[in-house]
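# Architecture and fold: a report
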Amino acid sequence: GLIFRQEFTGREHVAPALKRLVEATGETASFYVRAGQDRVCLYRENSPNLLRYHVEEGMRLNLSTGASGMVLRHFTGERVEDLSLFNTNGTVAACGQTVPDIASVSTPVFSREGDFLGALTISGLISRFDTEARAAVIPLLEDLAKSLSG
């Protein structure tokens, strides 16, 4: 994670977006980047809830699971099995792929020049972060991802 932080000068921009997502949803917000066949949690703002999905900044996770994994694979040119899961902005939701009780929604973040930077993600317990809650957060998630572009 430290290597990416040295190359990605966005903490001052990403951290407020993560905090806003947590305040709006009560769930955990993260920014992931791709590192070979892994995804790295570069920045993280944890849910204030005691029951939450917890990953430390700098942790490497499997790239083949979760909404952030799908976004990272798709926008780095890797084939993703079902493109119909993505909306027109490239946002995707996943349930129980990484951990059985966790759902997530992730959207791509691009630089001002159009280069893919990573995946802005919100995740939480399926019992709280249900279908309705996931759908409700998408406009905010996508707006914040666009604001990180420039």
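How each quantity is defined
Residues numbered from 1 in each chain as written. Predicted model: local features only at pLDDT ≥ 70, side-chain atom pairs only at ≥ 80, totals over all residues. Heavy atoms only, no water. Core = buried A, V, L, I, M, F, W, Y, C linked by side-chain atoms within 4.5 Å. Buried < 20%, exposed > 50% of the residue type's maximum accessible area, 1.4 Å probe, protein only. Helix = DSSP H or I, 4+ residues; strand = E, 2+ residues; numbered from the N terminus. Contact = heavy atoms within 4.5 Å. Expected span 1.5 Å × (residues − 1). Arc of directions from axis to C-beta. Pairing = 2+ DSSP bridges. Axes fitted to C-alpha atoms, helices over the stretch in contact; angles between N-to-C directions.

### What to know about the nonpolar core
- By size, the foremost hydrophobic cluster in this structure holds 24 residues, and its most contacted members are Leu21, Phe31, Leu120 and Ile122.
- Of all the secondary-structure elements, those providing two or more residues to this core are helix H2 (11-25), strand S1 (28-35), strand S2 (38-45), strand S5 (102-110), strand S6 (116-125) and helix H4 (131-147).
- Setting aside its immediate chain neighbours within four residues, Leu21 contacts Gly26, Ala29, Leu120, Ile122, Val137, Leu140, Leu141 and Leu144.
- Counting residues in hydrophobic clusters, the runner-up holds 14 residues, among them Leu63, Met70, Phe86 and Val92.

### Digging into H2
- The end-to-end C-alpha distance of H2 is 21 Å, a good match for the 21 Å that 15 residues give at a rise of 1.5 Å each.
- Those residues of H2 that fall on the buried side of the exposure criterion are Val14, Ala17, Leu18, Leu21 and Val22. Across the axial projection of H2, the buried residues extend over an arc of 135 degrees, all falling on one side. Facing away from the buried side of H2 by more than 90 degrees, the exposed set consists of Glu12, Glu23 and Ala24.
- Against S1, S2, S6 and H4 lie the buried residues of H2.

### Quick notes on the sheet that holds S5
- In spatial order, the strands read S3-S2-S1-S6-S5-S4; together these six strands make up an open sheet with antiparallel pairing. Where the open sheet ends on each side, the last strands, each with one partner, are strand S3 (60-62) and strand S4 (92-95). Across the sheet, the axes of successive neighbouring strands diverge by a mean angle of 35 degrees, strand direction being ignored.
- Strand direction decides the pairing type here: S5 and S6, joined by nine bridges, are antiparallel. The residue bridging Val109 from the neighbouring strand is Gly118, located in S6.
- Sheet strands touched by helix H3 (residues 66-75): S1, S2, S4, S5 and S6. Its angle to S5, the strand with the most contacts, is close to 30 degrees.

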